[in-house]
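The lines below spell out each chain.
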Amino acid sequence: MSETLATLTGVSKTYQKGKEKVEVLHNLDLEIARGDFIAIMGPSGSGKTTLLNLLGGLDKPTSGTVDVGGAEISSMSNSQLSRWRSTNIGFIFQFYNLLPVLTAQKNVELPLLLTNFSGSERAHRAGVALGIVGLEGRTDHYPRELSGGQEQRVAIARAIVSDPSLLLCDEPTGDLDRETTSEILKLLQILNREHGKTIMMVTHDAQAAEYANHILICDKGTLERQEAA
Amino acid sequence: MKYFGFIWKNVWRKKIRTSLTILSVFVAFLLFALLSAIGYAFKSGVDVADAERLIVIDKITLINPLPMAYKNRIAATEGVHSVTHSSWFGGYYQDPRVQFPQFPTEPYEYFSMYPELKMPQEQLDGWARNRQGAVIGRELAEQYSLKVGDRIPIQATIWTKADGGRTWEFDIEGIFETEDPRGSTAFLLFQYDYFEEARAFGKGSVGWYILRVSPDSDPVQVGNAIDLQFANSPNETETSTEAAFSQSFARQFGNIALIVTLILGAVFFTLLLVSGNTMSQSVRERISELAVLKTLGFSDRLVLGTVLSESILIMLLGGLLGLGVGWLLVQGAAQAMGAFLPGIFLSSQAILTAIAVMIGAGIVAGIFPALQAMRLSIIDALARA
Ligand SMILES: Nc1ncnc2c1ncn2[C@@H]1O[C@H](COP(=O)(O)OP(=O)(O)O)[C@@H](O)[C@H]1O
Ligand SMILES: [Mg+2]
């Protein structure tokens, strides 16, 4: 039906744990449609983060190929990957991972330092991103002066500021209360529906998963698709 | 340059720690500035010295005067191009504790003997015409706000006048400068003729002779020939090159130079430990931040560069501050004791060396933490956080 953004073909990932080899992902095949919003659920240690790392070019599969947006990232060098990540992927983490020494504005500008934009262009774009997440009034605040929900909004602004097509969110609401959780999820939904971002979101929260179009269950190294209610 | 703001913020992540580190860098470079200025002062006599200028003093002691009659005999010695003389007057102006040297000499001869001293010809002529005339160096003129036309009384500590007076008055006829930035101009020259006529004792003698050898003559041979002439006379002489004269003086300070080097070595070694520790702490406490940077697409080399830049920036902040304060102190010291320690001076060579040392020390202190940051594995770092 719709265009494919990412394809995993025969992907396995094995970690060396001491003398033992642990196979975290086993011969996975997966297609992700452009514009999709997918929730990934599954028990702890089942390989959800590993899957996101492979899609985001933070890690490489032991075997198989990962193709995102027409680029076969599983065969790129580390420096190619880091350049690729800066424009193609936005990462959102459970603990926000903002830089404490920078204001909200400067945190969001950070990815733009890697571009050729001028200082005023960087500031402008970061301002727009902060506007999208509803934080215009907090641009000069440091992370420690923000609530958890606000920090996560800054992190989301940072993830979208260089306009990547794929957002990878690893338990983005895992540290937030119910009310803030639903605000963040609504924001992700808006990014998905109105801004066309493809979203892969790991979550433990069944209610959170309801915001997605599909749910993938990750267990014992395999993925099982489950249609959303 | 667009990363500067980011680097700056990281430098100040722990304000107290960074301030203390910068303070220790500051102290190290302040010391460096002061010690190198002092070292320079001791060394400069040798550099300023002119190899073709010889100094003839009494063989036994510099304090013994030499007969005026030697002048023609020295001038007649083969290989001598020109000769003049000078003496130690040892008076003071205004305050007995603050002295500057005064020398009675021959106006034209002295200035052609020291071509590095520059003064307008009409001032030199004016001085030569006025028996009670004197000329002073720019440093003195500035220190005491003296100008041409002023009358300056000098109190004698040795040379009382024939009339019993101790006050020698001179008309300032000129102000000279030196082309050598390390040479002092904090001294006064006045006419030997006036000195000779007015002094109560010691007539017919001079303190020492200064001569220039002809360009094609060997200064050592000329010196030996002069000393041979006066051998077995009541005033035997000792002739040496100005450079040798200064060198024997400087050699006494050779050990000081070694001690200075050792102290600086110890200070800088400690400095590297302190700032290296600061940098490695700073990297250790932000492993996850560094991993985030890499996640965002900062390359390994860029991460290395930013951490290294932080280290260099800390060194430059403390170092330039130390150098700046050191420079001010050296300026002050030059004002206060320039007459006795000419050439106390923070050379541009020393400043460039210091800046190179700052950058070098920044790299040495920061390289291991920076490499650690560069090699960091994103997934390990993020999993640990
Ligand atoms: N860098 C690594 N080295 C060794 N083992 C790892 C590494 N990363 C993850 N693992 C292991 O792989 C498994 C899956 O981890 P992860 O993908 O983080 O799971 P999840 O996100 O689903 O909780 C776990 O057993 C974990 O211990
Ligand atoms: Mg996980």
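Owing to the predicted nature of the structure, the values given are computational and were not obtained by experimental measurement.

On to the overall build of chain A, then. Counting its regular elements, chain A contains seven helices and 10 strands. Considering only C-alpha atoms, chain A reaches an extent of 50 × 45 × 40 Å along its principal axes. Across the 229 residues of chain A, 55% fall into the buried class. In chain A, 69% of the contacts between residues at least 6 apart in sequence involve partners at least 24 apart. Element-wise, carbon and sulfur atoms account for 46% of the exposed surface of chain A, whose accessible area totals about 10,200 Å². Both charge centroids of chain A, one from 22 positive and one from 28 negative side chains, sit 6 Å from each other.

What follows covers the side chain of Arg85 of chain A. Counting through the fold element by element, Arg85 of chain A comes out in helix H2 (residues 78-88). Buried and without a salt bridge, Arg85 of chain A has Asp300 of chain B as its closest oppositely charged side chain, separated by 6.7 Å. Looking at Arg85 of chain A, its side chain comes within polar contact range of the main-chain oxygen of Lys294 of chain B, at 2.8 Å. Residue contacts for Arg85 of chain A: discarding those within four places in its chain leaves Gly56, Gly57, Leu58 and Phe91 of chain A together with Lys294, Thr295 and Ile378 of chain B.

Let's shift gears to the packing of helix H4 (residues 119-132) of chain A against helix H5 (residues 148-160) of chain A. Residues and elements named next belong to chain A. Between H4 and H5, whose axes approach to 8 Å, the crossing angle comes to 130°. The orientation of H4 with respect to H5, classified from their angle, is oblique. The interaxial crossing formed by H4 with H5 has right-handed handedness. For the pair H4 and H5, the contacting residues are Ala129, Leu130 and Ile132 in the first and Val154, Ala157 and Ile160 in the second. Of the residues belonging to the contact of H4 with H5, the class tally is six nonpolar, no polar and no charged.

Looking now at unusual backbone geometry. The backbone phi angle of Asp163 of chain A is positive, close to 55°, even though this residue is not glycine. If you trace the backbone, Asp163 of chain A turns up in the loop between H5 and strand E7 (166-170). Among the residues examined, Asp163 of chain A registers a relative accessible area of 56% and is labelled exposed. Phi at Ser145 of chain B is positive, roughly 50°, even though this residue is not glycine. Given the relative accessible area of 60%, Ser145 of chain B is considered exposed.

This part takes up the site of ligand 1. The environment of ligand 1 is made up of Tyr15, Lys17, Val24, Pro43, Ser44, Gly45, Ser46, Gly47, Lys48, Thr49 and Thr50 of chain A together with Asp380 of chain B. Near ligand 1, residues from chains A and B are present, making the site a shared one. Taking Gly47 of chain A, its main chain carries an N or O atom lying 3.0 Å from an oxygen atom of ligand 1. For ligand 1, whose free accessible area comes to 560 Å², the fraction covered by protein is 72%. Counting only elements with at least two residues in the shell around ligand 1, the list comes to strand E1 (4-17) and helix H1 (48-55) of chain A. Sort the elements by how many residues they give to the shell around ligand 1 and H1 of chain A lands first, with three residues. Class assignment of the residues belonging to the shell around ligand 1 gives a composition of three nonpolar, six polar and three charged.

On average, residues of chain B carry a pLDDT of 88, and 90% of them reach 70 or more. Here the predicted complex carries an ipTM of 0.94, next to a pTM of 0.70.

Okay, the nonpolar core next. Ranked by internal contacts, the top residues of the largest apolar core, which has 66 residues, are Ile40, Leu55, Leu110 and Met200 of chain A together with Phe298 of chain B. It is helix H12 (residues 300-337) of chain B that contributes the most residues to this core, seven residues altogether. Not counting residues up to four positions away in its chain, the partners in contact with Met200 of chain A are Leu30, Ile32, Ile38, Ile40, Leu52, Leu55, Leu166, Leu167, Leu168 and Cys169 of chain A. With 38 residues, the next largest nonpolar core counts Ile152, Ala156, Trp168 and Val206 of chain B among its residues.

We now examine the interface of chain A and chain B. Counting residues at the interface gives 22 residues for chain A and 19 residues for chain B. Around 1,900 Å² of area is buried between chain A and chain B when both sides are counted, 68% of it from carbon and sulfur atoms. Summed over the three residues of chain A that lose the most area to chain B, namely Val101, Leu113 and Leu114 of chain A, the buried surface amounts to 28% of that side. The interface formed by chain A and chain B includes zero salt bridges. For the pair chain A and chain B, the number of links is six residue pairs in polar contact (both at pLDDT 80 or more). In terms of residues, the side of chain A that touches chain B owes the most to one element, H2 of chain A, which gives three residues. Classifying every residue of the side of chain A that touches chain B gives 13 nonpolar, five polar and four charged.

With respect to the helices and strands, Thr270 of chain B occurs in helix H10 (residues 254-284). Using a relative accessible area of 43% as the deciding quantity, one classes Thr270 of chain B as partly exposed.

A separate point is helix H11 (residues 287-296) of chain B. An α-helix turns once every 3.6 residues. As a result, residues three or four positions apart point the same way. Residue and element names in this part refer to chain B. Counting buried residues along H11, nine of its 10 residues qualify, which places the element largely inside the surrounding structure. Buried residues of H11: Ile287, Glu289, Leu290, Ala291, Val292, Leu293, Lys294, Thr295 and Leu296, and no others. Downstream of H11 by a residue or two, Gly297 has a phi angle that is positive, lying close to 115°.

Right, let's get into the domain arrangement of chain B. Each domain of chain B was delimited in the assignment, giving domain 1 (4-43 + 255-384) and domain 2 (48-253). Here the C-alpha centre of domain 2 of chain B lies 47 Å away from the C-alpha centre of domain 1 of chain B.

A surface patch of nonpolar side chains, amounting to about 400 Å² of accessible area, comprises Ile16, Leu20, Leu23 and Val27 of chain B. Mapping Ile16 of chain B onto the fold places it in helix H2 (residues 15-48).

Residue and element names in this part refer to chain B. Counting across every chain of the model gives 32 aromatic pairs over all chains. Ring geometry for Phe103 versus Trp208: centroids 6.0 Å apart, planes at 80°, classification edge-to-face. A residue pair is termed long-range when its members are at least 10 positions apart, and Phe103 in strand E4 (residues 102-105) and Trp208 in strand E11 (residues 208-213) qualify at 105 residues. Considered together, Phe103 and Trp208 belong to a single accessibility category, that of buried residues. Every member of this aromatic cluster is reached through a ring pair, and the members are Trp88, Phe103, Tyr110, Phe111, Tyr114, Trp127, Phe176, Phe187 and Trp208. The ring of Trp168 has Lys161 lying over it, and the distance from NZ or CZ to the ring centre is 5.6 Å.

Our focus in this paragraph is the sheet that holds strand E4 (residues 63-68) of chain A. Residue and element names in this part refer to chain A. With respect to topology, four strands assemble into an open sheet ordered E2-E1-E4-E5, the strand pairing being antiparallel. Looking along the sheet, the strands with just one partner apiece sit at the ends: strand E2 (20-33) and strand E5 (71-72). By the bridge criterion, two bridges tie E4 to E5 in an arrangement that is antiparallel. Counted as the bridge partner of Val68 is Ala71 from E5. Against the sheet, H1 engages E1, E2 and E4, with an angle of about 125° to E1.

Cut-offs applied
Residues numbered from 1 in each chain as written. Chains lettered and ligands numbered in written order. Predicted model: local features only at pLDDT ≥ 70, side-chain atom pairs only at ≥ 80, totals over all residues. Heavy atoms only, no water. Helix = DSSP H or I, 4+ residues; strand = E, 2+ residues; numbered from the N terminus. Buried < 20%, exposed > 50% of the residue type's maximum accessible area, 1.4 Å probe, protein only. Contact = heavy atoms within 4.5 Å. Areas by Shrake-Rupley, 256 points an atom, 1.4 Å probe, with all protein chains shown as cover. Lys, Arg positive; Asp, Glu negative; His and termini not counted. Charge placed at Lys NZ, Arg CZ, Asp CG, Glu CD. Salt bridge = Lys/Arg side-chain N within 4 Å of Asp/Glu carboxyl O. Polar contact = N/O pair within 3.5 Å; in protein donor to acceptor, adjacent residues only side chain to side chain. Axes fitted to C-alpha atoms, helices over the stretch in contact; angles between N-to-C directions. Parallel < 35°, antiparallel > 145°, perpendicular 65-115°, else oblique. Left-handed = near helix turned anticlockwise from the far one by under 90°. Nonpolar A, V, L, I, M, F, W, Y, C, P; charged D, E, K, R; others polar. Near = heavy atom within 4 Å. pLDDT = per-residue confidence, 0-100. Core = buried A, V, L, I, M, F, W, Y, C linked by side-chain atoms within 4.5 Å. Buried area = accessible area lost by both parts, 1.4 Å probe. Domains from an automatic or database assignment. Patch = residues over 30% accessible without salt bridge, like charges linked within 9 Å, V, L, I, M, F, W, Y side chains within 5 Å. Phe/Tyr/Trp six-rings, centres within 6.5 Å; stacked < 30°, edge-to-face > 60°. Lys NZ or Arg CZ within 6 Å of the ring centre and 35° of its normal. Pairing = 2+ DSSP bridges.

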